[in-house]
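Chain by chain, the residues run as shown.
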Amino acid sequence: MVTIIAEAGVNHNGSLETAMQLVDAAADAGVDYVKFQTFKTENLVTESAVKADYQKKNTIGGEESQFSMLKRLELTEDDHLQLIDYCRKKGVSFLSTAFDLDSIDFLHGLNLGVWKIPSGEITNYPYLKKIAGYNEEVILSTGMSDMTDVDAAMRALADNGQELSKVTLLHCNTQYPTPMEDVNLRAMLSLRAFSDKVGFSDHTVGIEIPVAAAALGATVIEKHFTLSRDLPGPDHKASLEPEELKAMVSAIRNVETALGDGVKRMTPSESANRDVARKSIVASRHINKGELLTDENMTSKRPGGGISPMRWHEVEGTLAMRDYDRDEPIELDV
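Residues numbered from 1 in each chain as written. Predicted model: local features only at pLDDT ≥ 70, side-chain atom pairs only at ≥ 80, totals over all residues. Heavy atoms only, no water.

J.: So what exactly am I meant to see when it comes to the environment of Ser-239 here?
T.: Tracing the backbone shows Ser-239 in the loop between strand E8 (220–224) and helix H11 (242–259). The class of Ser-239 is buried, set by a relative accessible area of 3%. The spatial distance from the C-alpha of Ser-239 to the C-alpha of Thr-226 is 5.8 Å, given a sequence separation of 13 residues. Not counting residues within four places of it along the chain, the set of residues in contact with Ser-239 comprises Asn-11, His-224, Phe-225, Thr-226, Arg-229 and Glu-244. Within the local environment of Ser-239, its side chain forms a polar contact with the side chain of Asn-11, the two groups lying 3.1 Å apart. (Helix = DSSP H or I, 4+ residues; strand = E, 2+ residues; numbered from the N terminus. Buried < 20%, exposed > 50% of the residue type's maximum accessible area, 1.4 Å probe, protein only. Contact = heavy atoms within 4.5 Å. Polar contact = N/O pair within 3.5 Å; in protein donor to acceptor, adjacent residues only side chain to side chain.)

Below, the structure written as structure tokens:
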């Protein structure tokens, strides 16, 4: 099955209560994981770092630094513990992305067993080295990267103890929202040069692109969601609202069911229609016994169940074994 990660990220706006409401929405939608972000702002950005353009557009205080914005969006260690317990009660798995080395240490102590590496850390060797040392499942986003970056990251992981068979690579475009012309969804398939397990981390508006990723064989799909796109914050505008998240999950599950096993065969649901839709060889007019059967006195009509028109050349040129009225199925003397 496709693993679906609902990315709550920082859409809780620093509120544990809102974070729990996001868990409610994710569980109701039927996702596999609800994912947050774990960071110490002091370890993540310098105090003078400016916001990205989309962050400036979607947050209050245009001159506010990225440091100040992120400080308001931190979850405490106790928040994490409460969220893990709440996720367990709601029947959805908790996941979080670490953005600094201290946060990796903290999450390792929570025994989550899965690491989600964000696109921005794909060139952070000390970060990759630390996670590789645990040799657990890794989901690595590849936004802002080319094949050289992905190759270098995979080598860094492998050189430090990571079994690459445990790595899933997610194609990603790190623009919020991503313009459709920049999605380049087929690039997901090129990542199979590095791993059999590939997927998609989506920042487009709507649900059609992650659904298309499922049809292309994604094993993991990640999508931001929010309680409301009208909320202030950097990621709300590029996120799904709860009903949209539920629709996405339903569509992905339908797609993976519809993909089947790839073997072309008649299915049980259509078997009853075979004789109705296919044709048999029948008399096109009255035929006398012993008359030569030709294109002049035979045709093919529904229903099937008689001699298939694919056997036309076996019938053509033989003698009628009895009288036939028009539309009667032709028989062969076998």
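J.: I'm lost on the pattern of salt bridges in this one. Help?
T.: Where charged atoms of side chains with opposite charge meet at close range, the side chains can pair. Tallying each qualifying case throughout the model produces 24 salt bridges. The partner of Asp-85 in a salt bridge is Lys-89, with the nearest N and O atoms 3.3 Å apart. Here Asp-85 pairs with Lys-89, and both are found in helix H5 (residues 77–90), just four residues apart, close to one helical turn. Residue Asp-85 is classed as partly exposed on the basis of its relative accessible area, which comes to 33%. Note on Lys-89: relative accessible area 64%, which makes it exposed. Among the ionic pairs, Arg-311 bridges to Glu-314, the shortest N-O distance being 3.1 Å. (Salt bridge = Lys/Arg side-chain N within 4 Å of Asp/Glu carboxyl O.)

J.: Sorry if this is basic, but what is going on with unusual backbone geometry here?
T.: Cis geometry marks the peptide bond from Tyr-176 to Pro-177; its omega dihedral reads -10°. Following the sequence through the fold, Pro-177 ends up in the loop between strand E6 (167–172) and helix H9 (187–190). With an omega dihedral of 0°, the bond running from Arg-302 to Pro-303 counts as a cis peptide bond. Within the secondary structure layout, Pro-303 lies in the loop between strand E10 (298–301) and helix H14 (312–315).

J.: Looking at this structure, I do not really get the packing of helix H7 (residues 125–132) against helix H8 (residues 147–159). What am I missing?
T.: For any two helices packed against each other, the geometry is given by the interaxial angle and the distance between the axes. The N-to-C vectors of H7 and H8 enclose an angle of 45°; their axes lie 8 Å apart at closest approach. Relative to H8, the element H7 lies oblique. Crossing of H7 against H8: the hand is right-handed. Contact residues: Tyr-125, Leu-128 and Ala-132 in H7; Ala-153, Ala-156 and Leu-157 in H8. Residue composition of the contact of H7 with H8, by class: six nonpolar, no polar and no charged. (Axes fitted to C-alpha atoms, helices over the stretch in contact; angles between N-to-C directions. Parallel < 35°, antiparallel > 145°, perpendicular 65-115°, else oblique. Left-handed = near helix turned anticlockwise from the far one by under 90°. Nonpolar A, V, L, I, M, F, W, Y, C, P; charged D, E, K, R; others polar.)

J.: Even after reading the chapter, I still don't get the environment of Leu-81, so can you show me in this structure?
T.: With respect to the helices, strands and loops of the structure, Leu-81 is situated in helix H5. With relative accessibility at 45%, the residue Leu-81 sits in the partly exposed group. Expressed as a C-alpha distance, the spacing of Leu-81 and Thr-41, which sit 40 residues apart in the sequence, is 19 Å.

J.: Where do I start with the side chain of His-236 in this structure?
T.: Position of His-236 relative to the elements: it lies in the loop between E8 and H11. Residue class for His-236 comes out buried when judged on its relative accessible area of 1%. Polar side-chain contacts of His-236 include one of 2.7 Å to the side chain of Thr-226. Once you skip the residues sitting within four places of it in the chain, His-236 turns out to touch Asn-11, Asn-13, Thr-226, Ser-228, Arg-229 and Leu-231.

J.: How should I be thinking about the side chain of Thr-168 in this particular structure?
T.: Tracing the backbone through its elements, the reader meets Thr-168 in strand E6. Among all residues touching Thr-168, those that are not within four sequence positions of it are Val-138, Ile-139, Leu-140, Ser-195, Lys-197, Val-198, Gly-199, Thr-219 and Val-220.

J.: Would you mind showing me how to read the packing of aromatic side chains here?
T.: Note on aromatic pairs: each is described by the distance of the centres and the angle between the planes. Applying the stated rule across the entire model yields three aromatic pairs. Ring centres 5.9 Å apart and planes at 20° place the aromatic pair Phe-36 and Phe-94 in the stacked group. Highlighted residues: Phe-36 in strand E2 (residues 33–38) and Phe-94 in strand E3 (residues 93–98), separated in sequence by 58 residues. Using a relative accessible area of 0% as the deciding quantity, one classes Phe-36 as buried. Taking the centre distance of 6.3 Å and the plane angle of 90° together, the rings of Phe-39 and Phe-99 count as edge-to-face. Of this pair, Phe-39 sits in the loop between E2 and helix H2 (41–44) while Phe-99 sits in the loop between E3 and helix H6 (101–108); the two residues are 60 residues apart in sequence, bridging distant segments of the chain. (Phe/Tyr/Trp six-rings, centres within 6.5 Å; stacked < 30°, edge-to-face > 60°.)

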